[in-house]
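# Report on the structure
Listed below, chain by chain, are the residues.
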Amino acid sequence: MRSSVLGSVCVLLLLLREHACQGDEVTSNIAEFWTRVHQFLKPSPDALHYILTHFQWLWDVINSTFLRDVLMRVVLTVRSNLIPSPPTYNSKYGYLSWESYYNLSYYTRILPPVPEDCPTPLGVKGKAELPDPELLVERLLRRRTFRPDPQGSNLMFAFFAQHFTHQFFKTYNRMGLGFTKALAHGVDAGHVYGDNLQRQLRLRLHRDGKLKYQLVDGEMFPPTVADAPVKMSYPPGTPRNAQMAIGQEVFGLLPGLGMFATLWLREHNRVCDVLKTEHPTWGDEQLFQTARLIIIGETIRIVIEEYVQHLSGYLLQLKFDPTLLYKSNFQYGNRISLEFTQLYHWHPLMPDSFLISGDQVTYPQFLFNTSVLTHYGIEKLVDAFSRQVAGQIGGGHNINPVVTKVAVGTIKESRQLRMQSFNEYRKRFNLRPYTSFREFAANEEIARELEEFYGDIDALEFYPGLMLERTRPGSIFGESMVEMGAPFSLKGLLGNPICSPNYWKPSTFGGHVGFDIVNSATLKKLVCLNTRTCPYVAFRIPTEEASHEGGSKARTDEL
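Attention in this report is confined to the structure presented alongside it. All residue numbers here refer to positions counted from 1 along the written sequence of the relevant chain. Note on the predicted model: pLDDT of at least 70 is required for a residue's local features to be given, and 80 or more for side-chain atom pairs to be given and counted; whole-chain, interface and lining totals, by contrast, use all residues. Where side-chain values are given, they derive from all heavy atoms of the structure, hydrogens and water being excluded.

Attention shifts here to the overall build of the chain. Strands here are runs of E lasting at least two residues and helices are runs of H or I lasting at least four, both read from the DSSP assignment and numbered beginning at the N terminus. When helices and strands are tallied, the chain shows 24 helices and 6 strands. Within the chain, the fraction of its 559 residues that count as buried is 53%. All accessible-area figures derive from a Shrake-Rupley calculation using a 1.4 Å probe, and residue coverage is judged against the displayed protein chains alone. Of the accessible surface of the chain, which amounts to about 25,100 Å², a share of 55% is contributed by carbon and sulfur atoms. Relative accessibility under 20% of the residue-type maximum defines a buried residue, over 50% an exposed one, and the middle range a partly exposed one, all with a 1.4 Å probe and only protein chains included.

As structure tokens, this is what we get:
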């Protein structure tokens, strides 16, 4: 019954489309009719999300046929087309200018700033003054009781999100508002290799393409600053031999970031060994450069097929295949936008404390403590972080007090840059604007507080809107975060140069051996090919069945 209905609908649509594409014979009435049919049949974002997260029987069929590629191509093109390319505005120019396009030191922005002569901070709606950001965070965002993510996201996911995004989120306020320190606007693995050539050269071993490292109890970890003299952000007085030298200078802050830095260091050096065996005549430079391309490819595959897959909750199996876009009007290249940096402040993920190998580790014991890495080892950290649930991002009241100051700073930054309202951004991303705070919020208390703070739903700010919007049932956050965040993510990932026809071929990655590493990359391989034992590793807390698999040694042929 279901298949016959679906078949009938498809035949009808194909006949209508064929009739609508007959050139001069098509009348304006038929064209208008097709437009109306398209609009009528087009589901709302919530309806589409429901379809993508239900009907397992249907997705089992789709995922095993050519329809998976068809739908993946649609997802990529529809999402990516929402991001302007070339870019439009930046924090200095609210109109099109050469500077907005050419000056990579700026974050770009999707919407221009609110004009300075508007009667209210967000235009014409709302109160004459915006609420105090500290009070706003205290009353609406600060955690009361830890609320776990209903999707089961874990700390492995949380630290991956932070580690991955810090290669292109590098705000540089010393230059002024809206500037970035990153030389590249996308996935370049600069958090592994450094964001400039001098830093890269100091981190490299200059032999066999490898990066410098230190051995602790026979295990490979990032070198100390004493051995690789790069600037790292540690508290004053921290000895140089207690500071780990990593591509991203702030990654000494959290052992979870150091864990991923260690894994990618080991993976880079492992790939260099593979390439050296395959190409014994290659020198240090070619081995290094090719290994870096492989690491970038592995990263993008893991992000799309596991990280974004988990985040979306879709039953459609996402696929990293750059060739899907080769017949599309797709531009390679990317610019990181101010809105994307604001959107990605996901601090509610962080727990109240960290549970590692039976120990409860508090924030004072965790922060800037590289000995956590070497004491427990990578296997125990991976296993612990994969089993501890992270917090729900949306819905409010879930940011740990330790990091609420980051939320305050985010709100202040958005005001200095005169970002437009939450509803204006919803309209920009083809979402229906909210008409009231009661429609927007999940409970009466939040709606009442927002009414008191802003006075009008059209005056609600961008970042508070994303964090306070009612969450989708069983989801980590609300509609807007998904519908606005996905276009930025997919455009940035597929716009990477390695995805272009000139790059996406075996020779770029050192032949089929290197290309196979990229095309078979998984989070489990990243961990288990670079550790002595294979712990439980995933972006979701384990089911009972998965728990029994953890801790056993994985055979290479199973990976």
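For the rest of this paragraph, the subject is the packing of aromatic side chains. Two aromatic rings, drawn from Phe, Tyr or Trp (for Trp, its six-membered ring), form a pair once their centres lie within 6.5 Å of each other, and the interplanar angle then sorts them: stacked below 30 degrees, edge-to-face above 60, tilted otherwise. Throughout the structure, instances matching the rule amount to 40 aromatic pairs. Measuring from ring centre to ring centre gives 6.4 Å for Phe-366 and Phe-385, while their planes differ by 85 degrees; the resulting arrangement is edge-to-face. Here the residue Phe-366 occupies a position in helix α14 (residues 363-366), and Phe-385 occupies one in helix α15 (residues 371-387), the gap between them amounting to 19 residues. Overall, Phe-366 belongs to the buried group, its relative accessible area being 0%. Residue class for Phe-385 comes out buried when judged on its relative accessible area of 0%. Two conditions define a charge sitting above a ring: the NZ of Lys or the CZ of Arg must be within 6 Å of the ring centre, and it must be within 35 degrees of the ring normal. Over the aromatic face of Phe-429 sits the side chain of Arg-428, whose NZ or CZ is 5.6 Å from the ring centroid. Looking at Lys-491, its charged tip hangs above the ring of Phe-330, at a distance of 5.3 Å from the centre.

With 147 residues, the main nonpolar core has Met-259, Tyr-307, Trp-346 and Ile-356 as its most contacted residues. The leading source of residues in this core is helix α12 (residues 284-312), at 13 residues. Only heavy atoms matter for contacts: two residues are in contact if any of them lie within 4.5 Å across the pair. Other than its neighbours up to four places away in sequence, Met-259 contacts Met-156, Leu-373, Ile-378, Leu-381, Val-382 and Phe-385. Nonpolar cores were defined as sets of buried Ala, Val, Leu, Ile, Met, Phe, Trp, Tyr and Cys residues, with membership established by side-chain atoms within 4.5 Å.

A few words on α12. In a helix, the anticipated span is given by 1.5 Å times the number of residues less one. Here α12 is 29 residues long and its end C-alpha atoms lie 40 Å apart, about the 42 Å a rise of 1.5 Å per residue gives. Bending is quantified residue by residue as the angle between axes fitted to the seven-residue window ending at that residue and the seven-residue window starting at it. The axis of α12 is deflected most strongly, by about 40 degrees, at Val-303. The buried count for α12 comes to 23 of 29 residues, which makes it a mostly enclosed element. Positive phi shows up at Gly-313, right after α12, with a value of about 75 degrees.

It is worth spelling out the pattern of salt bridges at this point. Counted as salt bridges are all cases of a side-chain nitrogen of Lys or Arg within 4 Å of a carboxyl oxygen of Asp or Glu. Following the criterion strictly, the structure yields 29 salt bridges and no others. Residue Asp-195 is joined to Lys-170 by a salt bridge in which the shortest nitrogen-to-oxygen separation is 2.4 Å. Taken as a pair, Asp-195 in the loop between α9 (190-193) and α10 (197-203) and Lys-170 in the loop between α8 (155-165) and α9 lie far apart in primary sequence, 25 residues in all. Both residues of the pair, Asp-195 and Lys-170, count as buried. The salt bridge partner of Asp-383 is Arg-387, with a shortest N-O separation of 2.8 Å. Placement of both Asp-383 and Arg-387 in helix α15 is noted, with a separation of 4 residues, approximately one turn of the helix. Under the relative-accessibility criterion, Arg-387 is labelled partly exposed at 30%.

In this section: unusual backbone geometry. At the junction of Ser-85 and Pro-86, the peptide bond is cis and its omega measures out at 5 degrees in the coordinates. Looking at where Pro-86 falls in the secondary structure, it is placed in the loop between α5 (67-80) and β1 (89-90). A positive phi angle is found at Asp-208, which is not glycine, with a value near 60 degrees. Checked against the element boundaries, Asp-208 lands in the loop between α10 and β3 (214-216). Judged by relative accessible area, which is 30%, Asp-208 ranks as partly exposed. For Ser-357, which is not a glycine, the phi torsion comes out positive at approximately 50 degrees. For Ser-357, the location among the structural elements is in the loop between β5 (354-356) and β6 (359-361).

As a further point, take the state of the cysteines. In plain terms, two cysteine sulfur atoms within 2.5 Å form what is called a disulfide here. The full count for this structure, using the stated rule, is 1 disulfide. There is a disulfide in this structure between Cys-528 and Cys-534, and the S-S distance comes to 1.8 Å. Between Cys-528 and Cys-534 the sulfur-sulfur dihedral comes to about 60 degrees; the bridge is accordingly right-handed. Since its relative accessible area comes to 4%, Cys-528 is described here as buried. Residue classification places Cys-534 among the buried residues on the basis of a relative accessible area of 4%.

To continue, consider empty space enclosed by the protein. Cavities and pockets are found on a 1 Å grid laid over the protein atoms alone: a cavity is a set of points where a 1.4 Å probe fits but cannot escape, a pocket is an open set with protein on both sides within 12 Å along at least five of seven lines, and a lining residue has an atom within 4 Å of such a point. Grid points are joined across faces, edges and corners, and a volume is the space filled by probe spheres set on the points. Applying the stated criterion across every chain yields a total of 5 cavities of 30 Å³ or more. Taken together, 30 residues line the largest cavity, and the ones lying closest to its centre are Val-308, Leu-311, Gly-485, Ala-486 and Ser-489. Those elements that place two or more of their residues in the lining of the largest cavity are α5, α8, α12, α13 (338-343) and α21 (479-494). Sort the elements by how many residues they give to the lining of the largest cavity and α21 lands first, with 9 residues. In the scheme used here, Gly and all other residues not listed as nonpolar or charged are polar, with Ala, Val, Leu, Ile, Met, Phe, Trp, Tyr, Cys and Pro taken as nonpolar and Asp, Glu, Lys and Arg as charged. Here the residues of the lining of the largest cavity sort into 22 nonpolar, 7 polar and 1 charged. Considering only enclosed or pocket space, the second largest cavity measures out at about 110 Å³ in volume. Forming the walls of the second largest cavity are His-191, Val-192, Leu-203, Leu-211, Lys-212, Pro-222, Pro-223, Ala-245, Ile-246, Gly-247, Ala-261 and Leu-265. Contributions of two or more residues to the lining of the second largest cavity are made by α9 and α11 (255-278). Residue composition of the lining of the second largest cavity, grouped by class: 9 nonpolar, 2 polar and 1 charged.

So, on to the packing of α8 against α11. In this description, a line fitted to the C-alpha atoms serves as the axis of each element, helices being fitted only across the stretch in contact, and the angle between N-to-C directions of two axes falls anywhere from 0 to 180 degrees. The N-to-C vectors of α8 and α11 enclose an angle of 75 degrees; their axes lie 9 Å apart at closest approach. Here α8 is positioned roughly perpendicular relative to α11, judged by the angle of their axes. Residues Met-156, Phe-159, Phe-160, Gln-162 and His-163 of α8 form the contact with α11, whose own contacting residues are Gly-256, Leu-257, Met-259, Phe-260, Ala-261 and Trp-264. A class-by-class count of the residues in the contact of α8 with α11 yields 8 nonpolar, 3 polar and no charged. Here the angle decides the label: under 35 degrees means roughly parallel, over 145 means roughly antiparallel, 65 to 115 means roughly perpendicular, and every other value means oblique.

For the second largest pocket, the calculated volume is near 1,400 Å³. Lining the second largest pocket we find 38 residues, and of these Gln-162, His-166, His-345, His-347 and Val-406 sit closest to its centre. Ranked by residues supplied to the lining of the second largest pocket, first place goes to helix α16 (residues 404-416) with 5 residues. Residue composition of the lining of the second largest pocket, by class: 19 nonpolar, 12 polar and 7 charged.

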